[in-house]
Protein chains: 2
Amino acid sequence: MQFTKAEEYGILGVLYLVAKGGTAVTPLSEIAEAREIPEKFLAKIFQSLARFGIVRSYRGVRGGFALTRNPAEITVMAVLEAIQGPYHLLRCIPDPDHCDNTDRCALRDLLMVVEKGLVETFESHTLADLGEWEHAKGVTVI
Amino acid sequence: MQFTKAEEYGILGVLYLVAKGGTAVTPLSEIAEAREIPEKFLAKIFQSLARFGIVRSYRGVRGGFALTRNPAEITVMAVLEAIQGPYHLLRCIPDPDHCDNTDRCALRDLLMVVEKGLVETFESHTLADLGEWEHAKGVTVI
DNA sequence: TCGTTATGCAATTCACGAAAGCAGAAGAAT
DNA sequence: ATTCTTCTGCTTTCGTGAATTGCATAACGA
Ligand code: SF4
Ligand code: SF4
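Residues numbered from 1 in each chain as written. Chains lettered and ligands numbered in written order. Predicted model: local features only at pLDDT ≥ 70, side-chain atom pairs only at ≥ 80, totals over all residues. Heavy atoms only, no water.

**Quick word on the protein's contact with DNA strand D**
The environment of DNA strand D is made up of 24 residues, and the closest members are Lys5(A), Lys40(A), Phe41(A), Leu28(B) and Ser57(B). Sugar and phosphate atoms constitute 62% of the interface atoms of DNA strand D, taking the interface as everything within 4 Å of the protein. Between Arg59(A) and DNA strand D, the recorded distance is 3.1 Å, taken from a side-chain N or O atom to a base nitrogen. Between Gly60(B) and DNA strand D, the recorded distance is 3.3 Å, taken from a backbone N or O atom to a sugar or linking oxygen. (Near = heavy atom within 4 Å. Polar contact = N/O pair within 3.5 Å; in protein donor to acceptor, adjacent residues only side chain to side chain.)

See below:
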């Protein structure tokens, strides 16, 4: 059970936008360099985020990405789901037919509890929250 | 972020021992067949469990594995850590030197909260608990 | 019209999870 | 003693999916 790079980069990326304060349109090149993320990989991630309505893209000179909403309205969960789809620890959780044992498996029951806790934590924290944490530590954009 | 097969098989394996009621010495072949787990893979997992003192091994004819303690004294967390070492969602959590940004990263802070929740859930459930859940559903050993 | 930046796929690389293999040690049964 | 069983401790292989790169194209601003 491990947090993936895509998830990490995605969060760090939007957090960079938050740190810049809301609506500034920022090119991937800037984010990638500032946070040391492979640019093409970040592009892929941000395309998902754009499709999901977390960010909006602007092409051309002085284009880039910007948040579509107030950071306080975007939960970490939303970002994670945009990046890698519905969140599940095990296939059998969303798909009971995946295993012919789902209805009497205690492990599955436990993991559903665990997953619920996970989701609740990710849903109860918004980008604005994380932004404030950073701010309190004196993090600068560049 | 995904639960691994090794983790799943490990829990299912010890749960089989619990279902057999405590101290019965059971060969891997039986567990592997009953729960449809690749036997050699399970062997590797159980070797870790044995090293960690979760189970004890007996060689020779009518040998196999048995729990060392009462299921009520073995937490799910203990089993998971025996299988895959210290539990962390991201390298930078146990090892602050992994990234030169650990002291001002809000994502890391959040993941530490998440991880704490995870660990607490896994620690607050024992094998006996899971065994009872199964029992309540009428799960039989074979 | 030119340079910049995102878009959409394809292709590639790479790490690690997952699984299999095998020689050997330990032990029980006979 | 011998034999059969079962774990032990590697080594090796396999496969999937993560992680990364590449490229041709579209949109857009200057
Ligand atoms: S055995 Fe249990 S945990 Fe594993 S796939 Fe089936 S239901 Fe899920
Ligand atoms: S950027 Fe943050 S989350 Fe990523 S490795 Fe560094 S401290 Fe950990």
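**A short note on the site of ligand 1**
Surrounding ligand 1, one finds Leu90(A), Cys92(A), Cys99(A), Thr102(A), Cys105(A), Leu107(A), Arg108(A), Glu8(B) and Leu12(B). Chains contributing residues to the immediate surroundings of ligand 1 are chains A and B. At the level of secondary structure, the elements contributing two or more residues to the shell around ligand 1 comprise helix 5 (106-123) of chain A together with helix 1 (5-19) of chain B. For the shell around ligand 1, the per-class residue count stands at six nonpolar, one polar and two charged. (Helix = DSSP H or I, 4+ residues; strand = E, 2+ residues; numbered from the N terminus. Nonpolar A, V, L, I, M, F, W, Y, C, P; charged D, E, K, R; others polar.)

**Some remarks on helix 3 (residues 39-51) of chain B**
Residues and elements named next belong to chain B. Here helix 3 contains 13 residues, and its C-alpha end-to-end distance of 18 Å stays within 8% of the 18 Å for a straight helix at 1.5 Å per residue. Regarding helix 3, the residues found buried are Leu-42, Ala-43, Ile-45, Phe-46, Ser-48 and Leu-49. Residues of helix 3 that are buried in the fold lie against helix 1, helix 2 (28-35), strand 1 (55-58), strand 2 (64-67) and helix 4 (76-84). Positioned one or two residues after helix 3, Gly-53 has a phi angle of 80 degrees, which is positive. (Expected span 1.5 Å × (residues − 1). Buried < 20%, exposed > 50% of the residue type's maximum accessible area, 1.4 Å probe, protein only. Contact = heavy atoms within 4.5 Å.)

**A few points about the pairing of strand 2 of chain B**
All names here are of chain B. Of the two faces of strand 2, the one holding Gly-64 and Ala-66 and the one holding Phe-65 and Leu-67 are both buried throughout. The pairing of strand 1 with strand 2 spans four bridges and is antiparallel. In the sheet register, Ser-57 faces strand 2, and the bridge partner there is Phe-65. Hairpin geometry of strand 1 and strand 2 is characterised by an intervening segment of five residues between the two adjacent antiparallel strands and by a positive phi of about 80 degrees at Gly-60. (Pairing = 2+ DSSP bridges.)

**Details of the site of ligand 2**
Lining the immediate surroundings of ligand 2 are Glu8(A), Leu12(A), Leu90(B), Cys92(B), Cys99(B), Thr102(B), Cys105(B), Leu107(B) and Arg108(B). The site occupied by ligand 2 is bordered by residues of chains A and B. Mapped onto the shell around ligand 2, the elements with two or more residues apiece are helix 1 (5-19) of chain A together with helix 5 (106-123) of chain B. Class assignment for the residues of the shell around ligand 2 results in six nonpolar, one polar and two charged.

**Here's the deal with the packing of aromatic side chains**
All names here are of chain A. Summed over the entire model, instances satisfying the criterion amount to six aromatic pairs over all chains. With 5.7 Å between their ring centres and 85 degrees between their planes, Tyr-9 and Phe-41 make a pair best called edge-to-face. With Tyr-9 in helix 1 and Phe-41 in helix 3 (residues 39-51), this residue pair connects regions lying 32 residues apart in the sequence. In this structure Phe-41 comes out as partly exposed when scored by relative accessible area, which is 32%. Centre to centre, the rings of Phe-46 and Phe-65 are 5.1 Å apart; their planes meet at 65 degrees, and the pair counts as edge-to-face. Taken as a pair, Phe-46 in helix 3 and Phe-65 in strand 2 (residues 64-67) lie far apart in primary sequence, 19 residues in all. (Phe/Tyr/Trp six-rings, centres within 6.5 Å; stacked < 30°, edge-to-face > 60°.)

**Comments concerning helix 5 of chain A**
The end-to-end C-alpha distance of helix 5 of chain A is 26 Å, a good match for the 26 Å that 18 residues give at a rise of 1.5 Å each. Inspection of helix 5 of chain A places Ala106(A), Leu107(A), Arg108(A), Leu110(A), Leu111(A), Val114(A), Glu115(A), Leu118(A), Thr121(A) and Phe122(A) among the buried residues, and these make up the whole buried set. In this fold, the buried residues of helix 5 of chain A make contact with helix 4 (76-84) of chain A together with helix 1, helix 4, helix 5 and helix 6 (127-136) of chain B.

**Observations concerning unusual backbone geometry**
All names here are of chain A. With phi around 55 degrees, Glu-36 is a residue other than glycine that occupies positive phi space. Located in the positive-phi region is Arg-62, a residue other than glycine, with phi close to 60 degrees. In this fold, Arg-62 is placed in the loop between strand 1 (55-58) and strand 2.

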